[in-house]
Amino acid sequence: MVVFGVILLLVALAVVIYMWLATQGMDPVAISYGVLNVEITPIWLFVVGGITLAAATSGLWLLAVGTRAKARRAKEVRELRRQATESGRRSERQQDAMRPGSDSGAARSGAGGSASGSAASGEQPILPRPGGDRAAGRTTGTGPGEQRSPRST
């Protein structure tokens, strides 16, 4: 990669030297376009073109860097939101499992005491919460007589 960079720099230097020698003694070029009336030597016209090309290349590079950074931040935000949602669901499952009077024993054993498919792997089914569990206007926390798990504090 370094060798390729050195070769490109040598080629660019050769082009600049060629343009310098080829334009020696040439008459200035007259540019007349409306309000823009300029007489400039060909070598300076070449230099101005090179500066314009460098500015355009720098602008495209900055645009690409900014777009990649914005996409990376958006991806991180999506990932963090997904993790927060999963964490919230996990904590709700744990709170439901810790709730006294839940049917956790009946869910783990089927008819005759054998373990069901999801309970055999250690998972409990996710059941909706009864509507009477919560006090009016309260969305989280424990009700009277319920115990709070050590992790939820």
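The model shown is predicted, which means the values in this text are computed figures rather than measured ones.

Conventions and cut-offs
- Residues numbered from 1 in each chain as written.
- Predicted model: local features only at pLDDT ≥ 70, side-chain atom pairs only at ≥ 80, totals over all residues.
- Heavy atoms only, no water.
- Helix = DSSP H or I, 4+ residues; strand = E, 2+ residues; numbered from the N terminus.
- Buried < 20%, exposed > 50% of the residue type's maximum accessible area, 1.4 Å probe, protein only.
- Areas by Shrake-Rupley, 256 points an atom, 1.4 Å probe, with all protein chains shown as cover.
- Pairing = 2+ DSSP bridges.
- Patch = residues over 30% accessible without salt bridge, like charges linked within 9 Å, V, L, I, M, F, W, Y side chains within 5 Å.
- Salt bridge = Lys/Arg side-chain N within 4 Å of Asp/Glu carboxyl O.
- Lys, Arg positive; Asp, Glu negative; His and termini not counted.
- Charge placed at Lys NZ, Arg CZ, Asp CG, Glu CD.
- Contact = heavy atoms within 4.5 Å.
- Expected span 1.5 Å × (residues − 1).
- pLDDT = per-residue confidence, 0-100.

Draft legend 1. Region of interest: the overall build of the protein chain. The helix and strand tally for the protein chain stands at four helices and two strands. Across the protein chain, helices and strands are ordered from the amino to the carboxyl terminus as α-β-β-α-α-α. Taken across its 153 residues, the protein chain has 6% of its residues classed as buried. Working note: accessible area of the protein chain is about 12800 Å², and carbon and sulfur atoms make up 64% of it.

Draft legend 2. Representation of the pairing of strand β1 (residues 29-33) within the structure. The buried count for β1 comes to zero of five residues, which makes it a mostly uncovered element. Of the strand pairs in this sheet, β1 and strand β2 (residues 36-40) are connected by five bridges, and their pairing is antiparallel. Bridged to Tyr33 within β2 is Leu36. Linking two consecutive strands that pair antiparallel, namely β1 and β2, is a turn of two residues; a positive phi of about 65 degrees is found at Gly34 within it.

Draft legend 3. Quick peek at a nonpolar patch on the surface. A cluster of nonpolar residues, Val2, Val6, Leu10, Leu13, Ile17, Trp20 and Leu21, forms a patch on the protein surface that exposes about 740 Å² of accessible area. Its place among the elements puts Val2 in helix α1 (residues 2-22). Residue class for Val2 comes out exposed when judged on its relative accessible area of 67%.

Draft legend 4. A look at a positive patch on the surface. Together, Arg68, Lys70, Arg72 and Arg73 give the surface a local cluster of positive charge. Inspection of the secondary structure puts Arg73 in helix α2 (residues 42-98).

Draft legend 5. Structural view of the pattern of salt bridges. Throughout the structure, instances matching the rule amount to four salt bridges. Close ionic contact of Glu86 with Arg82 constitutes a salt bridge, the shortest N to O distance being 2.7 Å. Here Glu86 pairs with Arg82, and both are found in helix α2, just four residues apart, close to one helical turn. Two residues, Glu86 and Arg90, come together in a salt bridge whose shortest N-O distance is 3.7 Å. With a gap of four residues between them, Glu86 and Arg90 both fall in helix α2, about one helical turn apart. Through salt bridges with shared partners, one network takes in Glu79, Arg82, Glu86 and Arg90.

Draft legend 6. Seen up close, the side chain of Thr23. Tracing the backbone shows Thr23 in the loop between α1 and β1. Every residue in contact with Thr23, bar those within four places of it in the chain, is listed here: Pro42 and Ile43.

Draft legend 7. How the structure looks around α2. In this model, α2 (57 residues) spans 84 Å end to end at C-alpha, consistent with the 84 Å of a helix rising 1.5 Å per residue. Turning to α2, its buried residues number three or more, namely Pro42, Ile43 and Ala69. Each element contacted by the buried residues of α2 is listed here: α1, β1 and β2.

Draft legend 8. Spotlight on the environment of Ala22. Locating Ala22 in the fold gives a position in helix α1. Separated by 20 residues in sequence, Ala22 and Pro42 place their C-alpha atoms 9.4 Å apart.

Draft legend 9. Structural context of the confidence of the model for the protein chain. When pLDDT is averaged along the protein chain, the result is 78, and 67% of the positions lie at 70 or above. Here residues 105-119 scores under 50 on pLDDT; set against residues more than four positions off or in separate chains, the count is 12 contacts.

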